[in-house]
Amino acid sequence: MATQDEPSIFADLDDSTVDESEEQVNRWKRNLRLWRETLGEQWRMLTNDLLVKLAMVTMAFFMAVAIFAPFIAPHQPLNRQYETDAELIIADWVDPMFIDSESVYVLGTTAEGFDIFSQLIYGSRAALLVGLLAAVFTAGIGTLVGLTAGYYGGKIDDTLMRIVDFLYGMPLLPTVIILVALLGPSLWNIIFAIIVLQWRSTARVIRSQALSLRERPFVKAAQVAGASDWHIISRHLAPNVLPMSFLYGAFAIAWAILAEAGVSFIGLGDPNRVSWGTMLQSSRAYAALDFGVWWWFVPPGICIGLVVISGFLIGRGYEEITNPELR
Amino acid sequence: MSKASFVVRRVLQLGVTFWAVGTVLFFLFRLMPGDPTSFVVSAQMTPEARQRIIESFGLNDPLHVQYIAFLRNALTLDFGQSFHTNEPVRDVIWTFLPNTLVLMLTAFVIAYILGITLGVFTGWYRGTNFEKGTVVTALTARSVPTFYVGLIVLWIFGAGLGVIPMSGMGTSGMDGGWWSRIFTTTFLHHLLAPAAVLAFYYMGYPLLIMRSSMMEVLSQDFIDVCRAKGLRERTIMFKHAARNAMLPILTAAAIALGYAVGGSVLIETVFGWPGIGREMVRAVLRRDFPVAQGTFMVLAATIIILNFVADLLYGYLDPRVTYD
C-alpha cells in the first residue's frame, strides 16, 4: 500500500497499489490542493497593490448593492411615483432632497416619474450581470478555443484562428447594435452579442501560450505516459494559462459594461430593465442637459466609471502576475 | 516563407475576410424581423404600386438570387439604394464618411502626440507619484464612457456656459465644397468639443503602451552605455530610449485607428455629428438595410484594412520579424 498520510507525487502513476475509490479521492484532493495553492498565491500577489485592493473593495461594494438592491432601493425602479393625465410629465419632476427639503426622493424623480436613486441602485444589477456573465463566457470560450487550437495545431488551429481573424474584422459596437436590433432589445441578447465578439482576444493570446507550452517537457512526458488529449489540456495546459484567462476575464468585465452602456444609450437597451446606460439614454431623451438636471445624468456615469476602472485595475494587477517584469 | 509570399497570402486572406463579413451581414439583415418595405411603402398606395416598389428592390426574389446579386454589386462597391430616401448607398457613404474621418483623425493626432509624450515621461520616471497619477488618469480616461464625458462637456460648456454648440457640424447651408467648409471657424468651433473628448479617451492607450515599451528599452545595455558616455538625461530619454520604444506604438496605432473609426458610433450620436457611425445607427433603427449594410461594411473595411497595414508595417519596421 502507498503511504496514505502523505500522498506520493507519483500517485498518478502507481495505479496498481491503490484501490480504485481511494485513488479517486486522492486525485481529487490533490487537484483541489493544487488549485487552492495557485489561487491563494495569486490572491496574495493581487492584494499586495493598494490600487488593486481599492478596486476589489469597489467591486465588492457594487456587488453587495446589486444583491441587496430590493432592500436598499426605496421604490421599484420602473414604478411611476405619481399619476397625471398627460402621457409625458416633463414639467412635473420632483426635485431631490438636497434642493427641496420636503422631497422624499433622494435624487428626485425622472421626467417619467421614476425614482432616480432606486434606478441607480437597480442599475448595478444590470451592469454586474452583463460584466460577470460576459467575463465568464469570454474567458471560458476564449481559453477553450485557444488551448484547443494551440495544442492540436494544423488544420484545427487554422480553422479556429481564421474564425478569430474574421471576428477581429468586426467593429465591436456596430456589431452588437446590429445583433441586438436583430434579436430584440433585451439584456440577455446584449450579453450574448458581446460574448459573440469578445472571446476573440482571449483565444488569440491563450493560443500563443499553448503553442509554447505544448513543447515543454512535462507535456511530452504526459503524452508518453499515455495521457489523453483532454487530460493534458485540462490538467497540464489550463492551470498554466489560468492567470492569463483571469486577466482577460477582468478586462472583459470592463469592456462588456462599457458596451452595454453604449448600446443602451443609443436606445437599444432592455425596456423592461433599468441599467445605467438606459438612465443616461432617457435623461438625454428628456433633455435633462438643457434643464441642468445633473442629478439625473451625473451619478449613472460615475457608477459606470467606478465599476469599469475597478475591472481594469484588477486586470492590471493580474498582468503583473502573468508578466513579472512589470513588477 | 519569403516576404512576397507572405504579402500575397495576407492579401488573399483580406479578400476572404471581406467576403465573410459581407455574407454574414447579408444574412443577418435578411433574418431581421419587421417588414422593411413598410417604411417606403405608404398605406395609401395601390397594391400594384406597392408591388412595383418591392420588386424594384429585388425583395421578392429567392434568397440565393438576392445573395448573388449582392456579391456581384459589392464587387463594384454598389450597395443598392436606401429604402428610406431612395438615394444610392454609395452617395450616403460619401456624404458621411469624410465627416467621420476628419473628426477621428483630428482627435487621433492630438491623442497620439500627447499620449506618446506622456508615455515617455511615465516610463522614465517609473515608480514615482507622477507615474502612478498619470497611469490612473489614463485608466480613468479609458474607463468612463466617451459618450458620458461628451454629455458632461455638453452640459457644462454647452448648456451651462454656452461656449460650445450643442450639436452638429454647423456647415449645413454653407456654400462651396466640403473642403472649403471645413476650414471655416464655425466648423472648427463645432469640431472642438467632440475632438477633445475623443482625444482624451484615445490618449490612454498610446500612453500605457509607450510606458511599458519605455521600461523595456530602459533595461537594455545600450542605455547604460549612453549614461557612461556622459550624455544628458534628456538626450538619452528622447533620442535613444523613446525612439527605440516607438515600434510597438506604430502598429498599435494602425490597429487602434481602425477601431476608432468603428467606435465612432457613440460620440457622433452624442454630439449630433453627421458621421458614418451615427448614420449606421439611424439606418438600423429604421430598418434601412442597404444603408446599414453599406455603412457597416465601411466601418468593418477600415478595421480590416488597417489591421492588414499594421501587419505589413511591423515586418517593414522590424527586420527581425520572420514570416511563418
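Chain B is annotated in an unreviewed UniProt entry as Peptide/nickel transport system permease protein from Halorubrum alkaliphilum. UniProt annotates chain B under Sequence similarities (unreviewed entry) with the comment "Belongs to the binding-protein-dependent transport system permease family." Among the UniProt annotations of chain B, the heading Subcellular location (unreviewed entry) holds the following wording: "Cell membrane".

Naming follows an unreviewed UniProt entry, where chain A appears as Peptide/nickel transport system permease protein of Halorubrum alkaliphilum. Quoted straight from UniProt, the Sequence similarities (unreviewed entry) entry for chain A says "Belongs to the binding-protein-dependent transport system permease family." According to UniProt, the comment filed for chain A under the heading Subcellular location (unreviewed entry) is "Cell membrane".

*Asks:* It is not clear to me how the overall build of chain A should be interpreted in this structure. Could you clarify?
*Replies:* Helix and strand counts for chain A stand at twelve helices and zero strands. Residue burial in chain A is summarised as follows: out of 327 residues, 50% are buried. The long-range share in chain A, meaning contacts at least 24 apart out of those at least 6 apart in sequence, stands at 72%. Per element, the accessible surface of chain A, about 15,600 Å² overall, is 61% carbon and sulfur.

*Asks:* Even after reading the chapter, I still don't get a nonpolar patch on the surface, so can you show me in this structure?
*Replies:* Residue and element names in this part refer to chain A. There is a patch of nonpolar side chains on the surface, built from Met63, Ile67, Phe68, Phe71, Ile72 and Leu132 and spanning about 590 Å² of accessible area. Secondary-structure elements contributing two or more residues to the nonpolar patch are α2 (50-67) and α3 (69-72). Relative to the helices and strands, Ile72 is located in helix α3. Judged by relative accessible area, which is 38%, Ile72 ranks as partly exposed.

*Asks:* Which parts of the structure should I look at to understand the interface of chain B and chain A?
*Replies:* Many structure descriptions define interface size as the accessible area lost when the parts assemble. Facing 47 residues of chain B, the contacting portion of chain A comprises 45 residues. Counting across the chain B and chain A interface gives zero salt bridges. Looking at the side of chain B that touches chain A, the elements that each hand over two or more residues are α1 (3-31), α6 (129-143), α7 (146-160), α9 (185-218), α12 (247-262), α13 (264-270), α14 (276-285) and α15 (289-317) of chain B. Sorting elements by how many residues they give to the side of chain B that touches chain A places α1 of chain B first, with nine residues. In terms of residue class, the side of chain B that touches chain A is built from 36 nonpolar, seven polar and four charged.

*Asks:* Would you mind going over the domain arrangement of chain B with me for this structure?
*Replies:* All names here are of chain B. With domains assigned, chain B is organised as domain 1 (16-74) and domain 2 (92-317). Facing 14 residues of domain 1, the contacting portion of domain 2 comprises eleven residues. Taking both partners together, domain 1 and domain 2 bury about 1,300 Å²; carbon and sulfur atoms supply 81% of that area. For the interface between domain 1 and domain 2, the tally reads zero salt bridges. If one sorts the elements of the side of domain 1 that touches domain 2 by residue count, α1 sits on top with eight residues.

*Asks:* Just to check I follow, could you spell out empty space enclosed by the protein for this structure?
*Replies:* Picture a little ball the size of a water molecule; that probe, rolled over the atoms, points out where space is still empty. Residues and elements named next belong to chain B. All told, the structure shown has three cavities of 30 Å³ or more when counted by the stated rule. Considered as a void within the structure, the largest cavity measures approximately 40 Å³ in volume. Lining of the largest cavity is provided by Pro165, Ser167, Gly168, His190, Ala193, Pro194 and Phe271. In terms of residue class, the lining of the largest cavity is made up of four nonpolar, three polar and no charged.

*Asks:* Whenever I open this one, the UniProt feature "transmembrane region" (unreviewed entry) in chain A confuses me. Can you help?
*Replies:* All names here are of chain A. UniProt's entry tags residues 50-73, 126-152, 172-197, 245-268 and 293-314 with the feature "transmembrane region" (unreviewed entry), counted in the numbering of this structure. Segment residues 126-152 splits into 100% helix and 0% strand. End C-alpha atoms: 38 Å apart. For residues 172-197, the helix share is 88%, the strand share is 0%, and the end-to-end C-alpha distance is 7 Å.

*Asks:* So what exactly am I meant to see when it comes to the UniProt feature "transmembrane region" (unreviewed entry) in chain B here?
*Replies:* Residue and element names in this part refer to chain B. Residues given the UniProt feature "transmembrane region" (unreviewed entry) here are residues 12-32, 101-125, 146-167, 187-208, 247-276 and 296-317. For residues 247-276, helix accounts for 80% and strand for 0%, while the C-alpha atoms at its two ends are 31 Å apart. The straight-line gap between the two end C-alpha atoms of residues 296-317 is 31 Å; of that span, 100% is helix and 0% is strand.

*Asks:* Please clarify how the packing of aromatic side chains should be interpreted in this entry.
*Replies:* When we look at a pair of aromatic rings, we describe it by the centre distance and by the angle of the planes. Inspection of every chain in the model, using the stated rule, returns 15 aromatic pairs over all chains. Centroid distance Trp255 of chain A to Phe312 of chain A: 5.4 Å. Interplanar angle 75°. Geometry classified as edge-to-face. Pair noted here: Trp255 of chain A is in helix α9 (residues 229-268) and Phe312 of chain A is in helix α12 (residues 294-322), with a separation of 57 residues, a long-range link. On the numbers, 5.6 Å between centres and 65° between planes, the contact of Phe108 of chain B with Tyr202 of chain B is edge-to-face. In this pair, Phe108 of chain B is assigned in helix α5 (residues 89-124) and Tyr202 of chain B in helix α9, connecting sequence segments 94 residues apart. The class of Tyr202 of chain B is buried, set by a relative accessible area of 9%.

*Asks:* Even after reading the chapter, I still don't get the nonpolar core, so can you show me in this structure?
*Replies:* As a rule of thumb, soluble globular proteins bury nonpolar side chains together. If you look at the biggest cluster of nonpolar residues, it comprises 178 residues, and the most contacted ones within it are Ile177 and Trp276 of chain A together with Tyr202 of chain B. Looking at which element gives the most residues to this core, the answer is α9 of chain A, with 21 residues. Counting only domains with at least three residues in this core, you end up with domain 1 (16-74) and domain 2 (92-317) of chain B. Residues contacting Tyr202 of chain B, with those up to four places away along its chain left out, are Met104, Ala107, Phe108, Ala111 and Ala260 of chain B. Val65, Ala69, Ile121 and Tyr122 of chain A belong to the second-largest nonpolar core, a separate cluster that totals five residues.

*Asks:* What is the right way to read the packing of helix α6 (residues 172-183) of chain A against α14 of chain B from this model?
*Replies:* Geometry of a packed helix pair, given as the angle between the helix axes and the separation of the axes. Put simply, α6 of chain A and α14 of chain B touch, their axes get as near as 10 Å, and they point 5° apart. As far as their axial angle goes, α14 of chain B and α6 of chain A are roughly parallel. Facing Pro174, Ile177, Ile178 and Ala181 of chain A of α6 of chain A, the residues of α14 of chain B in contact are Met280, Val281 and Val284 of chain B.

*Asks:* It is not clear to me how the side chain of Thr278 of chain A should be interpreted in this structure. Could you clarify?
*Replies:* All names here are of chain A. In this structure, Thr278 sits in helix α10 (residues 276-285). Under the relative-accessibility criterion, Thr278 is labelled buried at 15%. At 2.8 Å, the side chain of Thr278 forms a polar contact with the backbone oxygen of Ser275. Excluding anything up to four places from it in sequence, Thr278 contacts Ser264, Gly269, Asp270 and Arg273.

What counts and what doesn't
- Residues numbered from 1 in each chain as written.
- Chains lettered and ligands numbered in written order.
- Predicted model: local features only at pLDDT ≥ 70, side-chain atom pairs only at ≥ 80, totals over all residues.
- Heavy atoms only, no water.
- UniProt positions renumbered as here; feature names shortened; annotations may be inferred.
- Helix = DSSP H or I, 4+ residues; strand = E, 2+ residues; numbered from the N terminus.
- Buried < 20%, exposed > 50% of the residue type's maximum accessible area, 1.4 Å probe, protein only.
- Contact = heavy atoms within 4.5 Å.
- Areas by Shrake-Rupley, 256 points an atom, 1.4 Å probe, with all protein chains shown as cover.
- Patch = residues over 30% accessible without salt bridge, like charges linked within 9 Å, V, L, I, M, F, W, Y side chains within 5 Å.
- Salt bridge = Lys/Arg side-chain N within 4 Å of Asp/Glu carboxyl O.
- Nonpolar A, V, L, I, M, F, W, Y, C, P; charged D, E, K, R; others polar.
- Domains from an automatic or database assignment.
- Buried area = accessible area lost by both parts, 1.4 Å probe.
- 1 Å grid on protein atoms, 1.4 Å probe; cavity = no way out; pocket = protein on both sides within 12 Å on 5 of 7 lines; lining within 4 Å.
- Points joined across faces, edges and corners; volume = space filled by probe spheres on them.
- Phe/Tyr/Trp six-rings, centres within 6.5 Å; stacked < 30°, edge-to-face > 60°.
- Core = buried A, V, L, I, M, F, W, Y, C linked by side-chain atoms within 4.5 Å.
- Axes fitted to C-alpha atoms, helices over the stretch in contact; angles between N-to-C directions.
- Parallel < 35°, antiparallel > 145°, perpendicular 65-115°, else oblique.
- Polar contact = N/O pair within 3.5 Å; in protein donor to acceptor, adjacent residues only side chain to side chain.

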